[in-house]
Amino acid sequence: MTLPLPVKIVGAAVAVAMLACVPLVADGYRLSLAIGLLNYTVLATAWALFSGPTRYVSLATVAFFGIGVYTVAVLGEVLAWPLVLLIALGIGVVLALIIGLSTLRLSGVYFVIFTFGLAELVRQLVTWFEVNKTRTLGRYVFVDITTDQIYWQLLALAVMVFAAGLLIRRSRLGLALRVIGDDETVARHVGINVTAAKVALFMLSAAFMTLCGAVMAPRWSYIDPAIAFNPVTSFQVLIMALLGGVHRLYGPVLGVVPLTLLFEFLLANFPNHFSILIGIAFMLIVYAIPNGIAGLAEKLWARVKGARP
Amino acid sequence: MTRRFRILAAALAVGLAGTLSLAASNQALAQDKIKIGYAISKTGPNAGGANITQIPNYQLWFKELNDKGGLMIGGKRVPIEVIEYDDRSNSEEAVRAVERLITQDKVDLLLPPWGTGLNLAVGPVFNKYGYPQLTFSAVTDQAPALVKRWPNSFWFLGTSVQYINALVDLLSKQQKAGKINGTVAMISVADGFGIDLSKAARDGLGKAGFKLAMDKSYPVGTQDMSPMISEAQRSGADTFIAFSYPPDTVAINDQAKVASFAPKVMFTGVGTGFPLFPQRFGANVEGIMSLGGWNPNNAGTAEYRKKHVAMHSRDPDYWGSQLGYVSLQMLEQAVERVGKIDRAAIVKELQTGTFDTVLGKIKLVDNMPPKGTYAYIGQWQNGFFTGIAPDGANMKPMVIPKPAWK
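Residues numbered from 1 in each chain as written. Chains lettered and ligands numbered in written order. Predicted model: local features only at pLDDT ≥ 70, side-chain atom pairs only at ≥ 80, totals over all residues. Heavy atoms only, no water.

(A) Quick peek at a nonpolar patch on the surface. Together, Val 78, Leu 79, Leu 83, Leu 86, Ile 87 and Ile 91 of chain A line one region of the surface with nonpolar side chains, adding up to about 500 Å² of accessible area. Considering the arrangement of structural elements, one finds Leu 79 of chain A in the loop between helix H4 (61-75) and helix H5 (81-103). (Patch = residues over 30% accessible without salt bridge, like charges linked within 9 Å, V, L, I, M, F, W, Y side chains within 5 Å. Areas by Shrake-Rupley, 256 points an atom, 1.4 Å probe, with all protein chains shown as cover. Salt bridge = Lys/Arg side-chain N within 4 Å of Asp/Glu carboxyl O. Helix = DSSP H or I, 4+ residues; strand = E, 2+ residues; numbered from the N terminus.)

Shown next, in the form of structure tokens:
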């Protein structure tokens, strides 16, 4: 299990290089499946960056994702692409800062409800602005970005999310967050600046979500608030991350891959019974694997190791 | 490590062999059936519209094709196979479902999803693979620009400006004849449809010299229409226009009835031409105007309606439905004339050919039905939602004023 660091790095680099070749060999459908996988990998891992250690369940994913999408819708045809991404990033981070400072004092179910309301609030604000000021609802995004490029950008984003996660875990911030997650009062008493730590992480997580939205936007050519701020995205990210397990950095991916494939399988084979089947699947997941796949795998691994002489 | 590698290599080899043999078997297959695929919103917010305007027409067309024994290709009938997916009213799902239909299911023909947003979302994919996209539930002023970008796309419902121009012409004529005053009260739903049309109406009415005594938008899902109806009532406008969605359309008419608000011209949005509208309001529908409308003397329309009712036990809606059926008839004829599944040739035929449809002979201009093919504005007259504009041979005169509520 424990390999030396250079081997790990080389292994990761090889894996990324292989993934980067996917657009060269995959057909349109497989590529779009891969894009779906990467999209949710970035979102779920970014979600777990914040929610894993702090145990704050956030439903604001789509608020940031949607802001990224909308930034591209508004500026995509006006400015150069890297600049658009930077602006999206800036808006997402500033919004996360404001929200973080004003709400991270809430905890438990209050925080969940607030974040859900937040996504809805951002959607209504955008709608109000578009209806009353710009008088267009629904914007056309015609940016010259190919599907392959979207894939590569998402892959780069996924690499960055994992790198960020690894670095944080090894830093003082990571340690502070684990203490906060276990007991916030104790953390405060040992002199950790709880608010600063939480807000910093919230901003980082939001940054990735916003960028993810910006990268995905050119796929749809038409965007309105209902498309950009679809609450289903938030729930799906939450479920995938929980299924995978949030206490490990690689946990969410273990949820993203099976669930995306399951959605795909159900939609392709049972288009008329999708909602019922997915509901049953969720219930099974919650009852059967409460600690996620990562937790289950560790338990099994421990058992295998224990059985050995 | 080496063992794992060997397993991986073996798996890859098997996969590769499988793909190759699949490709080979596909080529070996003669055209013994035509696969028709579509992804549509069977769940989510778009499901209502898809179920009224779109899916029943697909089913009707499939049934007719099956009864005939399939599409006539190269002198013989080739049976059809239908593949249907649910896009869950979600753009990303729609894109992926269409890609799945093309690259996995290898469908020969694709039918469009429901609504402006989803049709635009899948537009690039239809275009990339060269499939004709005959939309009939999307109204967008971008249509002419989209046709340039995607020459394989067809926009049967046209642009919002075309509807507004027809409506403003009607109103101007009534005003010149002294039947209505120069003020208009307008409300619109704060969503793509309401915003596009109210924007076009603001320009069009302004140019024609009308004054907007009221111009309000309301959020999707608004249930209480009484404040807006009473404001419209107080505004002194003879013309009331609402660019509304089906639930609001019903609520607005309900409230107008309660408040005895009967302007000389009453125009409400989507849903006015739905079968449920006369069921709910009975004889009170007389004089109410909206988008769409049929020619009461057209035998083709009457026959289409009969077939639709026989299969689904309900009327089609009076706007998009018939055009949807027309688009399917045109697709069928284009495929049969080309005589094989050559999608580039089918697109070309759709662009340039003349087709026999329930609306008579149609030749598209810039991938859209030319003005006069169908009614843009209709009015309930004697229990029939009758086309009254734009000016043309098949249009009936407008009835004014709208009778009082009973």
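(B) Layout of the sheet that holds strand S4 (residues 80-86) of chain B. All names here are of chain B. Ordered by their spatial adjacency, three strands build an open sheet running S4-S1-S5, and the pairing between neighbours is parallel. Because the sheet does not close on itself, it has two edges, and the strands there are S4 and strand S5 (109-111). Along the sheet, successive strands turn relative to each other by an average axial angle of 20 degrees, direction set aside. Bridge count between strand S1 (residues 34-40) and S5: three bridges; the pairing is parallel. Pairing of Gly 37 across the sheet is with Leu 110, part of S5. This element, helix H2 (residues 47-68), spans S1, S4 and S5 of the sheet and lies at about 170 degrees to S1. (Pairing = 2+ DSSP bridges. Axes fitted to C-alpha atoms, helices over the stretch in contact; angles between N-to-C directions. Contact = heavy atoms within 4.5 Å.)

(C) Up close: the nonpolar core. Ile 223 of chain A together with Trp 155 of chain B are the most contacted members of the largest nonpolar core, which has 116 residues in total. Within the second largest apolar cluster, 100 residues are counted, among which are Tyr 58, Leu 170, Met 266 and Trp 380 of chain B. (Core = buried A, V, L, I, M, F, W, Y, C linked by side-chain atoms within 4.5 Å. Buried < 20%, exposed > 50% of the residue type's maximum accessible area, 1.4 Å probe, protein only.)

(D) Focus on the interface of chain B and chain A. Residue-level contacts link 34 residues of chain B with 31 residues of chain A. Counting each side, the surface lost to burial between chain B and chain A is near 2900 Å², with a carbon and sulfur contribution of 54%. Contact with chain A buries surface across chain B, with Arg 88, Glu 92 and Arg 96 of chain B losing the most and accounting together for 20% of the total. For the interface between chain B and chain A, the tally reads four salt bridges. Arg 96 of chain B is the salt-bridge partner of Glu 264 of chain A, the closest N and O atoms lying 2.7 Å from each other. At the boundary of chain B with chain A, the tally comes to seven residue pairs in polar contact (both at pLDDT 80 or more). (Buried area = accessible area lost by both parts, 1.4 Å probe. Polar contact = N/O pair within 3.5 Å; in protein donor to acceptor, adjacent residues only side chain to side chain.)

(E) A look at the pattern of salt bridges. Here the structure, examined in full by the defined rule, presents 26 salt bridges over all chains. Its salt-bridge partner being Arg 30 of chain A, residue Asp 27 of chain A comes within 3.2 Å of it at the nearest N-O pair. Since its relative accessible area comes to 45%, Arg 30 of chain A is described here as partly exposed. Residue Lys 361 of chain B is joined to Asp 356 of chain B by a salt bridge in which the shortest nitrogen-to-oxygen separation is 2.8 Å. Given the relative accessible area of 62%, Lys 361 of chain B is considered exposed. Salt bridges sharing partners connect three or more residues here, namely Glu 184, Arg 188 and Lys 198 of chain A.

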